[in-house]
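# Reading the structure
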Amino acid sequence: MKCLKWIVAACLLVLLAPACSKDRDTNKVRFVIDSNTPETPIRVYSAHTGADYIVVKNHFENTIETDETLVILDARCDDSNTLITLEVHVNGKIKRRVTGNRWVTTGEVRLK
């Protein structure tokens, strides 16, 4: 009887264990950076660029797949007359669009 309980418990554990482990969904995230001054360098800060920051000019797009729950994108330049536009698209839908001069941030963009 005792042995039967252990066998039943082991079978339940094997059958139910995969249901308990939840795989994280991945999201396709596209970052778009635009400026109205093609020659002005813009420093873009994000954990998803693979560096502390990258320098872009005029227009830049990058698409990643991530299982993170949020992203943040910051852009800065030295020219206060440069208009910077940041967009974050998640799975083909725009989640955040911000525009400003000199320093712009999307803040926390929730992916779920």
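As shown above, the structure is provided for reference.
Now for a look at the structure at hand. Since the structure is predicted, the reported quantities are computational estimates derived from the model, not experimental observations.

## Observations concerning the sheet that holds strand S4 (residues 59-66)
- The antiparallel open sheet is built from four strands, whose spatial order is S4-S1-S7-S8. The open sheet has two edge strands, S4 and strand S8 (93-101), and neither has a second partner. Averaged over all pairs of adjacent strands, the angle between their axes in this sheet comes to 15 degrees, without regard to strand direction.
- Of the strand pairs in this sheet, strand S1 (residues 27-35) and S4 are connected by eight bridges, and their pairing is antiparallel.

## Considerations on the nonpolar core
- Ranked by size, the top nonpolar core spans 20 residues in total, and within it Phe31, Ile42, Val44, Ile84, Leu86 and Val88 carry the most contacts.
- Among the elements of the structure, S1, strand S2 (41-45), strand S3 (54-57) and strand S7 (83-90) are those that each provide at least two residues to this core.
- If sequence neighbours within four positions are ignored, Ile84 has contacts with Asp34, Ile42, Ala75, Arg76, Cys77, Val98, Thr99, Gly100, Arg102 and Val104.

## A short note on the pattern of salt bridges
- Within this structure, the stated rule accounts for four salt bridges.
- Glu61 is paired through a salt bridge with Arg30; the nearest N and O atoms lie 3.0 Å apart. Here the residue Glu61 occupies a position in strand S4, and Arg30 occupies one in strand S1, the gap between them amounting to 31 residues.
- A salt bridge links Arg110 to Glu108, with the nearest nitrogen and oxygen atoms 3.5 Å apart.
- The class of Arg110 is partly exposed, set by a relative accessible area of 48%.

## Concerning the pairing of S7
- Across the eight residues of S7, seven count as buried, placing the element largely inside the fold.
- As paired elements, S1 and S7 share seven bridges and run antiparallel to each other. Looking across to S7, one finds that Asp34 is bridged to Thr85.
- Both S7 and S8 contribute to a ladder of eight bridges, which runs antiparallel. Bridge assignment links Ile84 to a residue of S8, and that residue is Gly100.

## With respect to the packing of aromatic side chains
- Inspection of the entire model under this criterion finds one aromatic pair.
- Measuring from centroid to centroid gives 5.2 Å for Tyr45 and Tyr53, while their planes differ by 45 degrees, and the two rings are tilted.
- One residue, Arg76, lies across the ring of Tyr45, its end atom 5.1 Å from the ring centre.

Parameters and conventions
Residues numbered from 1 in each chain as written. Predicted model: local features only at pLDDT ≥ 70, side-chain atom pairs only at ≥ 80, totals over all residues. Heavy atoms only, no water. Pairing = 2+ DSSP bridges. Helix = DSSP H or I, 4+ residues; strand = E, 2+ residues; numbered from the N terminus. Axes fitted to C-alpha atoms, helices over the stretch in contact; angles between N-to-C directions. Core = buried A, V, L, I, M, F, W, Y, C linked by side-chain atoms within 4.5 Å. Buried < 20%, exposed > 50% of the residue type's maximum accessible area, 1.4 Å probe, protein only. Contact = heavy atoms within 4.5 Å. Salt bridge = Lys/Arg side-chain N within 4 Å of Asp/Glu carboxyl O. Phe/Tyr/Trp six-rings, centres within 6.5 Å; stacked < 30°, edge-to-face > 60°. Lys NZ or Arg CZ within 6 Å of the ring centre and 35° of its normal.

Taken by themselves, the reported measurements are silent on function.
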